[in-house]
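# Summary of the model geometry
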Amino acid sequence: YRNYIQNVPHLERPVILDSCGILMPYALAVDELMNNKVPTRGQYLQVIMAEANRIISHMYFLGIMGIFVGHSTMIEWAMGDRDFWIDFAERIGGARVTFAYIIPGGVRNDMPAGLAEKGLKTCDWFEKRMDEYEKIFLKNPIWIERSEGIGVLSKEDAIRLGATGTVLRASGVKHDIRRDEPYSAYSDFDFEIPTLNTGDSWARVYVALLEMRESVKIIRQALKEIPPGPVRLKLGIQPRVPAGEVYARSEAARGEISYHLISDGSPRPYRMK
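This write-up is about the structure you can find in this document. (Residues numbered from 1 in each chain as written. Predicted model: local features only at pLDDT ≥ 70, side-chain atom pairs only at ≥ 80, totals over all residues. Heavy atoms only, no water.)

## Some remarks on the overall build of the chain
Operational definition: Strands here are runs of E lasting at least two residues and helices are runs of H or I lasting at least four, both read from the DSSP assignment and numbered beginning at the N terminus. Only the C-alpha atoms count toward the radius of gyration. The rule for a globule is 2.2 Å times the residue count to the power 0.38. The buried label goes to any residue with under 20% of its type's maximum accessible area, the exposed label to any with over 50%, and the partly exposed label to all in between, with areas taken from a 1.4 Å probe on protein chains only. When checking whether two residues touch, look at their non-hydrogen atoms; a contact exists if any pair is within 4.5 Å. Per-residue and other accessible areas follow the Shrake-Rupley method at a 1.4 Å probe size, with only the shown protein chains counted as cover for residues.
A tally of helices and strands in the chain yields 10 helices and five strands. Expected size for 273 residues packed as a compact globule is a radius of gyration near 19 Å; at 19 Å, the chain falls within 12% of this value. If one aligns the C-alpha atoms of the chain with their principal axes, the spans along those axes are about 60 × 45 × 30 Å. Residues classed as buried in the chain amount to 53% of the 273 residues present. Restricting the contact set of the chain to residue pairs at least 6 apart, pairs at least 24 apart contribute 73%. With the model as given, the accessible surface of the chain reaches about 12,200 Å², and the carbon-plus-sulfur share is 53%.

## Let's talk about the packing of helix α3 (residues 40-69) against helix α10 (residues 201-225)
As a reminder of what qualifies: Between N-to-C directions, angles span 0 to 180 degrees; the directions come from axes that are lines fitted to C-alpha atoms, helices contributing only their stretch in contact. Here roughly perpendicular refers to angles of 65 to 115 degrees, roughly parallel to angles under 35, roughly antiparallel to angles over 145, and oblique to all remaining angles. A crossing counts as left-handed when the near helix is turned anticlockwise from the far one by less than a right angle, and as right-handed when that turn is clockwise.
Running from amino to carboxyl end, α3 crosses α10 at an angle of 155°, the nearest separation of the two axes being 9 Å. The orientation of α3 relative to α10 falls into the category roughly antiparallel. Between α3 and α10 lies a crossing whose hand is left-handed.

## Notes on the pairing of strand β3 (residues 244-252)
Selection rule: By this definition, two strands are paired if DSSP reports at least two bridges between them.
By the bridge criterion, nine bridges tie β3 to strand β4 (residues 255-263) in an arrangement that is antiparallel. Its bridge partner being in β4, Y247 is matched across the sheet by H260. If you look at the hairpin formed by β3 and β4, you'll find two residues sitting between the two strands.

## What about the packing of aromatic side chains?
The relative placement of two aromatic rings is captured by the distance of their centres and the angle of their planes. Rules: The aromatic pairing rule takes the rings of Phe, Tyr and Trp, using the six-membered ring of Trp, and pairs them if the centres are within 6.5 Å, calling planes under 30 degrees apart stacked, those over 60 edge-to-face and the rest tilted. Charges are assigned to positions over rings by a cutoff of 6 Å between ring centre and Lys NZ or Arg CZ, combined with an angular limit of 35 degrees from the ring normal.
Per the counting criterion, the structure on display carries 12 aromatic pairs. Taking 5.5 Å as the distance between ring centres and 50° as the angle between the ring planes, the aromatic pair formed by Y133 and F137 counts as tilted. Of the two residues, Y133 and F137 are both situated in helix α5 (residues 115-138); the distance of four residues between them amounts to about one turn of the helix. Per residue, the accessibility class of Y133 equals that of F137, and both read buried. Each residue in the set F84, W85, F88, W125 and F126 is aromatic and connected to the rest through ring pairs, giving one cluster. A cation over a ring is seen here: R271 above Y270, with NZ or CZ 4.7 Å from the ring centre.

## Describing the environment of P141
Along the chain, P141 turns up in helix α6 (residues 141-147). The exposed category is assigned to P141, whose relative accessible area is 62%. Considered as a pair, P141 and Q221 are 80 residues apart in the sequence and their alpha carbons are 35 Å apart.

## Considering empty space enclosed by the protein
Rule in force here: Lining residues are those with an atom within 4 Å of a point, where the points come from a 1 Å grid over the protein atoms alone and group into cavities, where a 1.4 Å probe fits but cannot get out, or pockets, open sets with protein on both sides within 12 Å along at least five of seven lines. Grid points are joined across faces, edges and corners, and a volume is the space filled by probe spheres set on the points.
On inspection of all chains with the given rule, the structure shows one cavity of 30 Å³ or more. Put simply, the largest cavity is a space of about 60 Å³. Lining the largest cavity, in full, are D18, G21, M24, A50, R54, Y183, Y186, S250, E251, A252 and A253. Of all the secondary-structure elements, those providing two or more residues to the lining of the largest cavity are α2 (19-34), α3 and β3. Here the lining of the largest cavity takes three residues from β3, the largest share from any one element.

Right, here's the structure in full:
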């Protein structure tokens, strides 16, 4: 019973760690039905926040995995280091957990002047920090002994069971919606899709680390190349979405997220899953 704009903060709740990831395909679906052309600057900001949120989510995953493996230092590092990205995203979105930032028609607001420089410094620092994570944690003999060969998921089983995200790519399947079906401004950026073939617990963590390196590359390119201009379309507080049916999907931090949206032409979705 909520309209297309009121839905935004509610849709974040199932994936609080990656609110931009779960909002992106919703915005894509509404924009497709409305035939919206999101301003380029708005698309770049969508990508910047989506990738920052990917890092925030992955860092939480690495920290919790450290506890499972028995490496308590890992969670202390990860929870502290992810705060730098939370601070960066807060400067843009105005909140620290759920940002309600990616909306139909673009993004809620522009980023502050001068923030690009701070973001680039964060990228430089985090790249060096990931070298330390690789050396101290992922290539630590204790970590390897407790995660290598554990929970092996074969390529065939990963496909059969419908795995997505880091789980799928750690099993050797090079599939990522950002590359296979580019959306927003992703086609403007140069980045790789990391994969490993062992499909074990170690590989799933290492793929996440490699993905954060690629997220840094994307954010750096976007901050350097972001064009001037508006960041969203003026849709009003209660836009009427033309009647129709659409399926939209994107690559969130934990894998593929999709929306099946049916509009009856009113200000509220007729059906949405």
